[in-house]
Amino acid sequence: MLKLLNFEILPDEIILLICQYLRSGDIFYSLYNLNSRLNITISGYCRYVNLMSVSYQQFQYSVRYVLPQIGSLVRTFLLNGNWETIINKNLSLTIFGPNLSLLFPNLEILTIKWFTTTKFLAFLKVLKNFSCLNQLNIRCLKGKSMDLIELNLLSANDNRLDMISIDHDSSDFDISETDSSISYPNIQQLTINLIGHELIVRLFHLVPNVRCLHINTDELLDTKDPKSTINNLPILIHLIDFKIRSINLFWTFEEMKILLQSMPNLQQLSLDIRTNDQEFVDHEQLQTILPSSLNKLDFFIRFYYSKSKYPDPTSIHFSSTRFPMISMLDKPRRRFLIHTIPYNQRSAILTETISNQMPNGWFYTQRIQNLYLYDVTSVTDVLLVLQHFRQLRMLSIDIKDKSNVGKTLLFLSNFNRLKSVFCLVTQSADLKPIELNLPYLKQIDVTGIIELTPILINAPSVDYLIIGFECMKLLLDNNYQLITKRIVRLNVLNWIDMNSDLLVRVHASFSSLRHLVIMMKESTVVIDDFLLRILSLWNRKPRISIDVKGVLSKKIQENLRQWTVEHASIQEDYLFEVEYSDNWFDLWL
């Protein structure tokens, strides 16, 4: 007869191993305050608190009962701006109010995510009195551009911040003209998005002591004044690490020369730019403008050539004796993609047309975690590209023709529990084997219709899927249950038919789902009956959180919570939150 073991007899090492597979909310809700020994065992998980993707019951328990007791241990905290409007007032005051510094007196790193610029402005006013907080990470900040000076971001927390990082998915910042004497010497590391390259001059004046500066600007091609250039730059004597990403503007060699002259002690340089200036691809010329202190150079240059200068571009090859590099011809766009190897960027934007020019192996791309493929026409070329990116965490695929399925000629020649080997049928009828291995890929985002099965089979860690209505139908038609059972968050865009059986198929196939997001293709469609179908399907445990974008009738809006209780079979005392705002129905269970 089997003897049941008590959880408490497990050694600390086994308990900590189990906790590696749990979220912060799971650990706090299940283990905290059971006894003093377990509190000590899990104390390391109290240093980093991330309450994303937990049930509302776990969230409410953690914020109300656990955080006040472990607050002095917390060193890193992630704050989701979407929580503020949906949670009750008392919880909101706890984590968004002016006493946050009392809750986390030893906080060192704060990451904020999914704030609007309006909410962010209000939050910065209460971000003060943190004696240890020196790093602020901003992720997915949405809304109109804001002025960096008026926002007082660089002086937040009483000028104690020395590291500020704003991701590429956040809004761009403006910088108004100010007295050049205004500066923020506290800033040592800064990653920022600017609305225009001309703001670089103003930014340099603001951060005289910066040591690491990463700038991204996505201004459009026609916004650059041909007479404008970067002039009168202050010297940044402390800057040792500089990166600029500007892929929508044509940079001149002279502009880059002026820029680099302001960094006499630079040690690491990363360029991700577009140009049609011949001097950029003359690497003897490029070396003449590099600071003598430089010991590491990474670049990805999109060099657009003229037919008159390069009548036969296939015969051109760019190389350098000092910096190992490769060049790939993107003939449809009349450009060369030239980059150093290894490719040391965390993200890459590529087209499928260069798949057959990529060198063998994947070690030279192992730092890339985010890959965006656009103008995709064939699953075959996607697979040929993906074989070089084994360290991917996020993959975005943008189909060129959104109405047609990306085709491929392939078949699965061998499949076992360790790997899949596909054979691609070439035009000459030869079989070209390709081995895919994407063990770290967590999220796939697809715009258009494409067969995802070959990718998902080889990406065992994918748990977040963002796809359109038609792409979802194609995926479920292939009936790969092992694939869909792994998904815990599903976003379905451009939902067309509210009476379609696709909703029932999603419910049957995605058995591990915890969060479902649906956006209707027609923003004016009334979703009352559609919501009833969703709530009736997912009215048993395990419950999921639901977000649906569409129009909800006034009658339901007026008594939203009671309507939800009745139609989702929720008991009156069950902890949950529901709201309808900006045409979004949000149910957090």
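Scroll up to find the structure this text is about.
Values in this document were obtained by computation on a predicted structure and should not be read as measured data.

The next thing to look at is the nonpolar core. Among the nonpolar cores identified, the biggest contains 109 residues, and F59, L153, F242 and L259 are the most heavily contacted of them. Setting aside chain neighbours within four positions, we find F59 in contact with L51, V54, W83, I87, L91, I95 and W588. Membership of the second largest hydrophobic core comes to 80 residues, among which are L392, I397, I483 and F585.

A few words now on the sheet that holds strand β24 (residues 464-468). Taking strand neighbours across the sheet as the criterion, the 10 strands line up as β15-β16-β17-β22-β24-β25-β26-β27-β29-β28 in an open arrangement whose pairing is mixed. The two strands at the open ends of the sheet, each matched to only one other strand, are β15 (347-351) and β28 (577-581). This sheet shows a mean twist of 10° between the axes of neighbouring strands, independent of strand direction. Where strand β16 (residues 370-376) lies against strand β17 (residues 394-399), 5 bridges are found, and the strand directions are parallel. Residue pairing in the sheet places L371 in a bridge with L395 of β17.

Moving on, we get to the pairing of strand β29 (residues 584-588). Summarising burial for β29: 4 of the 5 residues are buried, a large majority. Note: β28 against β29, 5 bridges, orientation antiparallel. Among the inter-strand pairings, V578 is bridged to a residue of β29, identified as L587. Between the end of β28 and the start of β29, which pair antiparallel, lie 2 residues, with D582 showing a positive phi angle near 55°.

The subject of this paragraph is the pattern of salt bridges. Within this structure, the stated rule accounts for 14 salt bridges. In this structure, D12 and R37 form a salt bridge, with 2.6 Å as the shortest nitrogen-oxygen distance. With D12 in helix α1 (residues 12-19) and R37 in helix α3 (residues 36-41), this residue pair connects regions lying 25 residues apart in the sequence. A relative accessible area of 32% places D12 in the partly exposed class. Here R37 falls in the partly exposed class, since its relative accessible area comes to 28%. One salt bridge connects R333 with D375, and the closest N-O pair in it is separated by 2.6 Å. One end of the pair, R333, is in the loop between β13 (325-330) and β14 (335-340); the other, D375, is in strand β16, and 42 residues separate them in sequence. One salt-bridge network, in which partners are shared between bridges, spans D218, R245, D272 and R302.

This part covers a negative patch on the surface. A cluster of like negative charges, contributed by E254, E279, D282 and E284, occupies part of the molecular surface. Tracing the chain through its elements places D282 in the loop between β11 (268-275) and α13 (283-288). Assessed through its relative accessible area of 32%, D282 is described here as partly exposed.

Let us now look at the packing of aromatic side chains. Summed over the entire model, instances satisfying the criterion amount to 17 aromatic pairs. Aromatic pair Y372 and Y374: ring centres 6.1 Å apart, planes at 15°, arrangement stacked. Exposure remark for Y372: the relative accessible area of 32% places this residue in the partly exposed category. The exposure class of Y374 is buried, given its relative accessible area of 18%.

Packing of helix α4 (residues 56-70) against helix α6 (residues 89-96) brings their axes to within 10 Å, and their N-to-C directions diverge by 60°. One finds that α4 runs oblique with respect to α6. Considering the relative orientation of α4 and α6, their crossing is left-handed. The segment α4 lies against α6, with Y56, F59, Q60, V63 and R64 engaging L91, T94 and I95. Taken together, the residues that form the contact of α4 with α6 break down as 5 nonpolar, 2 polar and 1 charged.

Before going further, it helps to spend a moment on unusual backbone geometry. A cis geometry characterises the amide bond from I341 onward to P342, with omega recorded as 0°. Checked against the element boundaries, P342 lands in the loop between β14 and β15. Despite not being glycine, C140 shows a phi value in the positive range, around 55°. Structurally, C140 can be placed in the loop between β4 (135-139) and β5 (146-147). According to the relative accessible area criterion, C140 is buried, its value standing at 9%. Positive phi, normally seen in glycine, also occurs at N157, with a value near 55°. Take N157: it is sitting in helix α10 (residues 156-159).

Let us now look at the state of the cysteines. Taken as a whole and judged by the stated rule, the model has 0 disulfides. Free cysteine: C132, not disulfide-bonded; nearest cysteine sulfur from C46 at 17 Å. Taking relative accessible area as the criterion, C132 reaches 33% and is therefore assigned partly exposed.

The rules we used
Residues numbered from 1 in each chain as written. Predicted model: local features only at pLDDT ≥ 70, side-chain atom pairs only at ≥ 80, totals over all residues. Heavy atoms only, no water. Core = buried A, V, L, I, M, F, W, Y, C linked by side-chain atoms within 4.5 Å. Buried < 20%, exposed > 50% of the residue type's maximum accessible area, 1.4 Å probe, protein only. Contact = heavy atoms within 4.5 Å. Pairing = 2+ DSSP bridges. Helix = DSSP H or I, 4+ residues; strand = E, 2+ residues; numbered from the N terminus. Axes fitted to C-alpha atoms, helices over the stretch in contact; angles between N-to-C directions. Salt bridge = Lys/Arg side-chain N within 4 Å of Asp/Glu carboxyl O. Patch = residues over 30% accessible without salt bridge, like charges linked within 9 Å, V, L, I, M, F, W, Y side chains within 5 Å. Areas by Shrake-Rupley, 256 points an atom, 1.4 Å probe, with all protein chains shown as cover. Lys, Arg positive; Asp, Glu negative; His and termini not counted. Charge placed at Lys NZ, Arg CZ, Asp CG, Glu CD. Phe/Tyr/Trp six-rings, centres within 6.5 Å; stacked < 30°, edge-to-face > 60°. Parallel < 35°, antiparallel > 145°, perpendicular 65-115°, else oblique. Left-handed = near helix turned anticlockwise from the far one by under 90°. Nonpolar A, V, L, I, M, F, W, Y, C, P; charged D, E, K, R; others polar. Disulfide = S-S within 2.5 Å.

Geometric values such as these leave the question of function open.
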